[in-house]
There are 2 protein chains.
Amino acid sequence: MFRFTALAFEYWTRHAEGVSKPAAPGIRARVRAELTEAIKTTARTHLASEGAPSLSLRAVARELEMASSAIYRYFPSREALLTALIIDAYNTVGACVEEADAGRERDDLEGRWIAIGSAVREWARANPHEYALIYGSPVPGYAAPDDTIVPATRATLVMLQLLADAIAINGAPDDTTEIPEPLRSELAAVESFADGSVPPAVAAIGLAAWAEMLGMISLELFGHLENVVYDRDAFYNHTMRATGARLLR
Amino acid sequence: MFRFTALAFEYWTRHAEGVSKPAAPGIRARVRAELTEAIKTTARTHLASEGAPSLSLRAVARELEMASSAIYRYFPSREALLTALIIDAYNTVGACVEEADAGRERDDLEGRWIAIGSAVREWARANPHEYALIYGSPVPGYAAPDDTIVPATRATLVMLQLLADAIAINGAPDDTTEIPEPLRSELAAVESFADGSVPPAVAAIGLAAWAEMLGMISLELFGHLENVVYDRDAFYNHTMRATGARLLR
DNA sequence: GTCGAAACGAGAGCACTGCTCACGTTTCAT
DNA sequence: ATGAAACGTGAGCAGTGCTCTCGTTTCGAC
C-alpha cells in the first residue's frame, strides 16, 4: 500500500532521529483511522454514482489499490460499511439543519422553519443517494444499531426545539382535538427531548409536518412529480410556508 | 417442466380427439402467460421475504424448477422483472384505493378521504416491500417506462377526484395565497385529470396532503417511529383526520 | 532489546449472482 | 410437410461478498 508505505517510512525516519516511541496514538491507529475514512469516502462516491444496491466492496478496494479482503479488516461486512455511511449521512444532514437553524434569530420562528426545510431539501438534492439511504427504503437485513439513534434524531430535534420555542413565545395553541390514549401519553413524552414544553397535540402536528416535508422531498427525488410539477422550488417553498403557518401560529 | 408437460399432454389428448387445431390462443401463448405470471408471483414472494435488492432470478428459477436462463425468455433482464412487479404494485394499490373510495357515499367527503388513506396504509403494511418498491428509493438504473405511468397515477387520481367533488359540493375555498408562475399554471393543469374543477391552490394542498400521507407511511414502515410512537393506528388516523378537515373544508 | 500477540495485506478459493450462447426440442403458420 | 420462431437446458463468463491461510508489521509487556 502506497499510503501505508509512506507512513511506515515516516515512522522509521522518526525512529532514526532517536525517538524511542512514536507519538501516541501509534502509527497503526493513525493509519487505521485514515484508511477507514478513505474506504468510507470512496464508498460514498460509488454510492453517489451507482446507488446503494450496486455498492461493491471489491470496487472500493480496487480503487484504493487494496486486496478486496483487506476491506474486512476495517468493516466486518458490507452491511457494516453501509451502516457507517448511514451514520455519516444522518450526521451530515443533522449538522446542515442545525447550522441553518442557528443562522436565524431565535424568535424568527417562520424563518427558522423555512431554513430547516430548505437545508434538508438542499442536502437531499445534492446527495440523493444518501438521502435514499436514510429516508428511503431500508437496506435489507439492516436493523438500526444503537449508534445510529443519536445521529438519526439530530435533524428532528432541531424541529422539535423550534416547536418548544414557538410555545414559549406564543403560548400553547387552542387545540382541543381529542387525542386518545395511549397515543396522548406517547406524544407527551416527546417534549422530554426538547428544552421547553411541547404539548401532545403540537407534537403530533410537528411529526406530521416532518412527515410532509420528507414526503415532499421523496416525491421529488424519487420521480413522482415528473410531468406534474416542474417548478419544484416554488412548490416546496409554498408548501413549507403553509405548513409553517399552521405549525407555528 | 411439469406444468408444460401437463399442458402438452392436454394438447395431444385433444388432438387425438380429432381436433385439427388447438383452441386460440395457441398452447404456447397460454403457457407463456401462465409462466410469466408464475415467475412474477414467485418473484413477489421472494421480494416479500428478502427485499428488492436481494431478489435473485436464479432463486426464482430454482423454485420453479427451471434453468435460470429460461427466465430470460420471459423477462429480458432482472430490471424488466422488477418493472413488471412495480406495475403490478401500482395497479394493486390503485385498485385498493378505488375500491375503498367507491365504498363510500359520493358526498361523504371525509369518509372517502379516510377510506383512501386507510387503504393505502393497510396495503403498505401488508406489502411493505412492494410499497418500498414504488414509493421508496428507486431501483438503480430504473427509469419509469411509459407503461408504468397510468398504473402509477391510479391511486393519486382517486384523491384528485375527491378534491374535485369537494369543490363541486362545497364550492371553491377562500384561499388567497399567492402562487407564483409558472407553478400556478402547472397546478392549474392538474384539474385536467379530474372530472370537475380543481383550482391551483387546492391542487397544491392536495399534493402536499398526499406527500404527508406517504411520508407518514414511510416514516412508519421504514423504522423512523421506533421508540417514539407505538400507537401507530391512532397517530395515522389523527393526522389523516386533521388533514382531511383542512383539505375538504 | 526481546518476544508473543494482535493487526494487517495479499492471494487463493468458494458459493453465489446476472447474463450470454449454442444446441436440441416443440409449436405454429404457411 | 417444412421452416421459422419460441422454448428449455447446460456450459460458461465475469462479477459479487466473504473466508481462510500465510507472511509481515506493529505494539505492549517484560
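The model shown is predicted, which means the values in this text are computed figures rather than measured ones.

A.B. asks: Explain the overall build of chain A residue by residue, including any values.
C.D. replies: The helix and strand tally for chain A stands at 10 helices and 0 strands. In sequence order, chain A lays out its α and β elements as α-α-α-α-α-α-α-α-α-α. Put simply, chain A has 249 residues, and 45% of those count as buried. Intrachain contacts of chain A at a sequence separation of at least 6 include 69% that bridge at least 24 residues.

A.B. asks: How would you sum up the relation of the copies chain A and chain B? Please name residues and give values.
C.D. replies: When chain A is fitted onto chain B, the two copies agree to an RMSD of 0.0 Å after a turn of 180° and an axial shift of 0.0 Å. Accordingly, the operation relating the two chain copies is best matched by a two-fold axis. Of the residues that chain A buries at the interface, 98% are likewise interface residues in chain B, meaning the two copies contact each other through the same surface.

A.B. asks: Account for the protein's contact with DNA strand C, with residues named and values stated.
C.D. replies: In the vicinity of DNA strand C there are 27 residues, among which A:Arg32, A:Ser69, A:Arg73, B:Arg28 and B:Arg58 approach most closely. Sugar plus phosphate: this is where 52% of the atoms of DNA strand C within 4 Å of the protein reside. One nitrogen or oxygen atom from the side chain of A:Arg58 is found 3.2 Å from a base oxygen belonging to DNA strand C. With respect to DNA strand C, the backbone of B:Leu57 contributes an N or O atom lying 2.7 Å from a phosphate oxygen. Going through the elements one at a time, α2 (27-50) of chain A together with α1 (2-16), α2 (27-50), α3 (57-63) and α4 (71-74) of chain B are the ones with two or more residues in the surface near DNA strand C. Its residues assigned to classes, the surface near DNA strand C shows 12 nonpolar, 6 polar and 9 charged.

A.B. asks: I'd love a proper account of the interface of chain A and chain B, names of residues and values included.
C.D. replies: Taken together, the contact between chain A and chain B spans 42 residues of the former and 42 residues of the latter. Carbon and sulfur atoms supply 72% of the area buried between chain A and chain B, which totals about 3,400 Å² over both sides. Broken down residue by residue, the surface that chain A buries against chain B is led by A:Leu183, A:Glu186 and A:His238, which jointly contribute 15%. Summed over the shared surface of chain A and chain B, the number is 0 salt bridges. Put simply, chain A and chain B have 11 residue pairs in polar contact (both at pLDDT 80 or more) between them.

A.B. asks: Before we move on, could you go through the nonpolar core and cite the residues and values that matter?
C.D. replies: Grouped together as the largest cluster of nonpolar side chains are 154 residues, with contacts concentrated most on A:Trp113 and B:Trp113. Apart from residues no more than four positions distant in its own chain, B:Trp113 is found in contact with B:Met159, B:Leu162, B:Ala209, B:Met240, B:Thr243, B:Gly244, B:Leu247 and B:Leu248.

A.B. asks: Could you give me a rundown of the protein's contact with DNA strand D, with the residues and numbers involved?
C.D. replies: The environment of DNA strand D is made up of 26 residues, and the closest members are A:Arg28, A:Arg58, B:Arg32, B:Ser69 and B:Arg73. Close to the protein, within 4 Å, the atoms of DNA strand D are drawn from sugar and phosphate at a rate of 49%. One nitrogen or oxygen atom from the main chain of A:Leu57 is found 2.7 Å from a phosphate oxygen belonging to DNA strand D. Note that a base nitrogen of DNA strand D is positioned 3.4 Å from one of the side-chain N or O atoms of B:Arg28. For the surface near DNA strand D, the secondary structure elements donating two or more residues are α1 (2-16), α2 and α3 (57-63) of chain A together with α2 and α4 of chain B. In terms of residue class, the surface near DNA strand D is built from 12 nonpolar, 6 polar and 8 charged.

A.B. asks: Mind laying out the side chain of A:Asp88, listing which residues take part and the relevant values?
C.D. replies: Residues and elements named next belong to chain A. Position of Asp-88 relative to the elements: it lies in helix α4 (residues 78-102). You can call Asp-88 buried: its relative accessible area is 16%. Ignoring any residue separated from it by four or fewer positions in sequence, one finds Asp-88 in contact with Lys-40 and Arg-44.

A.B. asks: Let's hear about helix α11 (residues 232-248) of chain B: which residues, and what values?
C.D. replies: Given 3.6 residues to a turn, an α-helix orients residues that are three or four positions apart in the same direction. In this model α11(B) runs 24 Å from its N-terminal to its C-terminal C-alpha over 17 residues, within 8% of the 24 Å that 1.5 Å per residue would give. Across the 17 residues that make up α11(B), a large majority, 12, are buried. Buried within α11(B) are the following residues: B:Arg232, B:Ala234, B:Phe235, B:Tyr236, B:His238, B:Thr239, B:Met240, B:Thr243, B:Gly244, B:Arg246, B:Leu247 and B:Leu248. Lining the buried residues of α11(B) we find α8 (183-190), α9 (200-221) and α10 (232-247) of chain A together with α6 (109-126), α8 (149-170) and α10 (200-221) of chain B.

A.B. asks: Now, about the environment of A:Leu247: what can you tell me, with residues and values included?
C.D. replies: Residue position: A:Leu247 is located in helix α10. As for A:Leu247 and A:Leu163, which are separated by 84 residues in sequence, their C-alpha atoms are 7.8 Å apart.

A.B. asks: Kindly report on the packing of aromatic side chains, identifying the contributing residues and their values.
C.D. replies: Remark: the centre distance and the inter-plane angle together describe each pair of aromatic rings, the angle taken between the planes. Residue and element names in this part refer to chain A. The full count for this structure, using the stated rule, is 6 aromatic pairs over all chains. Ring geometry for Tyr-131 versus Tyr-135: centroids 5.4 Å apart, planes at 50°, classification tilted. Here Tyr-135 and Tyr-131 lie together in helix α6 (residues 128-135), a separation of 4 residues that amounts to about one turn. For Tyr-131, a relative accessible area of 0% puts it in the buried group. An aromatic cluster is defined as three or more aromatic residues linked by ring pairs; in this entry it consists of Tyr-90, Tyr-131, Tyr-135 and Phe-222.

A.B. asks: Help me get a handle on the pattern of salt bridges, residues and values and all.
C.D. replies: Close approach of charged atoms allows side chains with opposite charge to pair. Residue and element names in this part refer to chain A. By the definition in use, this model includes 26 salt bridges over all chains. Of the charged contacts in the structure, one is a salt bridge between Glu-98 and Arg-154, with a shortest N-O distance of 2.8 Å. On the criterion of sequence distance, the pair formed by Glu-98 in helix α4 and Arg-154 in helix α7 (residues 149-170) is long-range, its members being 56 residues apart. For Glu-98, a relative accessible area of 30% translates into the label partly exposed. Given the relative accessible area of 24%, Arg-154 is considered partly exposed. The salt bridge partner of Arg-104 is Asp-108, with a shortest N-O separation of 3.7 Å. Overall, Asp-108 belongs to the partly exposed group, its relative accessible area being 29%. Overlapping salt bridges, with partners in common, bring together Glu-37, Lys-40, Arg-44 and Asp-88 in one network.

Basis of the calculations
Residues numbered from 1 in each chain as written. Chains lettered and ligands numbered in written order. Predicted model: local features only at pLDDT ≥ 70, side-chain atom pairs only at ≥ 80, totals over all residues. Heavy atoms only, no water. Helix = DSSP H or I, 4+ residues; strand = E, 2+ residues; numbered from the N terminus. Buried < 20%, exposed > 50% of the residue type's maximum accessible area, 1.4 Å probe, protein only. Contact = heavy atoms within 4.5 Å. Least-squares fit on C-alpha atoms with pLDDT ≥ 70 in both. Near = heavy atom within 4 Å. Polar contact = N/O pair within 3.5 Å; in protein donor to acceptor, adjacent residues only side chain to side chain. Nonpolar A, V, L, I, M, F, W, Y, C, P; charged D, E, K, R; others polar. Buried area = accessible area lost by both parts, 1.4 Å probe. Salt bridge = Lys/Arg side-chain N within 4 Å of Asp/Glu carboxyl O. Core = buried A, V, L, I, M, F, W, Y, C linked by side-chain atoms within 4.5 Å. Expected span 1.5 Å × (residues − 1). Phe/Tyr/Trp six-rings, centres within 6.5 Å; stacked < 30°, edge-to-face > 60°.

All we've got here are geometric facts, nothing functional implied.
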